[in-house]
Amino acid sequence: QPQIPTVLALASGTSTVTVKNTKMTNICPEDTWPGCFSWQVGFCGSNRLAQFTDAANVTYDGCDLKTNGWGILSIDGTDGGQTMLVKNTRMELSGSKAHGYGAFCIGDRNIVSFDHSNVHVDGYPLLVRGMIGAARAEIVNGCEVTGNRNGVFVIGDKNTPVTISDSSIVTGKSTIVVKGSATDFHITNSHLQAGNGTI
């Protein structure tokens, strides 16, 4: 039976939330239910660890974030212009049937930034659907990103700037996958290693 996706933590309204030196874990049953809004990329599981909505802003600093389901950090129905900053943090989405995203950059003027963090995701560590080019996504300052599929997955995007600098992305398949999009990549001083030989 399909399940309603569960969320461990939610930032909403006009809140500004800082989570420091905290361990957050949300483990769902090992099922293969695809999320209702998975845009044909096959997210599995019935949970996201945390999300923000409305006009909230959130920072995770020095945290340990872990799940096995649909996604770790999500943006859902924001007003635009929100920031999700993940710094000095360890993120993990894994499990025998896990397939999801680390963080989702979607919507008008939203910013998702991985800064000096260790991110391992079975699926898509960074998922981008900026849609109108006003959002921004970053993997910067010594991030180490690994996963069994792709490092950055872009779908249905129009000119979102994606910055990868001074970081490492090692993946089981292609490092970057862009579908139906015109995305503006800026990649400097980084190590990209694709398991299938295609960056």
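Every chain begins its residue count from 1, and numbering advances along the sequence as written. With the structure being a predicted model, the display of local features is reserved for residues of pLDDT at least 70 and the display and counting of side-chain atom pairs for 80 or more, all residues being used for whole-chain, interface and lining totals. Side-chain measures here rest on the full set of heavy atoms in the structure, leaving out hydrogens and waters.

*Asks:* Help me out: how do you make sense of the pattern of salt bridges in this one?
*Replies:* A pair is scored as a salt bridge if a Lys or Arg side-chain nitrogen falls within 4 Å of a carboxyl oxygen belonging to Asp or Glu. Applying the stated rule across the entire model yields five salt bridges. For R48, the salt bridge is made with D76, and the minimal N-O distance between the two is 3.7 Å. One end of the pair, R48, is in strand β4 (residues 47-54); the other, D76, is in strand β7 (residues 71-78), with 28 residues separating them in the sequence. You can call R48 buried: its relative accessible area is 10%. In this structure, R90 engages D64 in a salt bridge whose closest nitrogen and oxygen atoms are separated by 3.1 Å. In this pair, R90 sits in strand β9 (residues 90-93) while D64 sits in strand β6 (residues 64-67), placing the two residues 26 residues apart along the sequence. Connected through salt bridges with shared partners, the residues D64, R90 and E92 form a single ionic network. Secondary structure elements follow DSSP: runs of H or I of four or more residues count as helices, runs of E of two or more count as strands, with numbering from the N terminus. To sort residues, take the accessible area from a 1.4 Å probe on protein chains only and compare it with the maximum for the residue type: under 20% means buried, over 50% means exposed, and anything in between is partly exposed.

*Asks:* Looking at this structure, how should I read the side chain of T171?
*Replies:* With respect to the helices, strands and loops of the structure, T171 is situated in strand β18 (residues 168-171). Classification of T171 by relative accessible area gives buried; the value is 5%. Separated by 2.7 Å, the side chain of T171 and the backbone oxygen of K173 make a polar contact. Note on contacts: a residue pair is in contact if any heavy atoms of the two residues lie within 4.5 Å. Every residue in contact with T171, bar those within four places of it in the chain, is listed here: G147, R149, N150, G151, Q193, A194 and G195. Polar contacts, as used here, are pairs of N or O atoms within 3.5 Å; protein pairs need one atom able to donate a hydrogen and one able to accept it. Residues neighboring in sequence count only if both atoms are side-chain atoms.

Treat this as a map of the structure, not an account of what it does.
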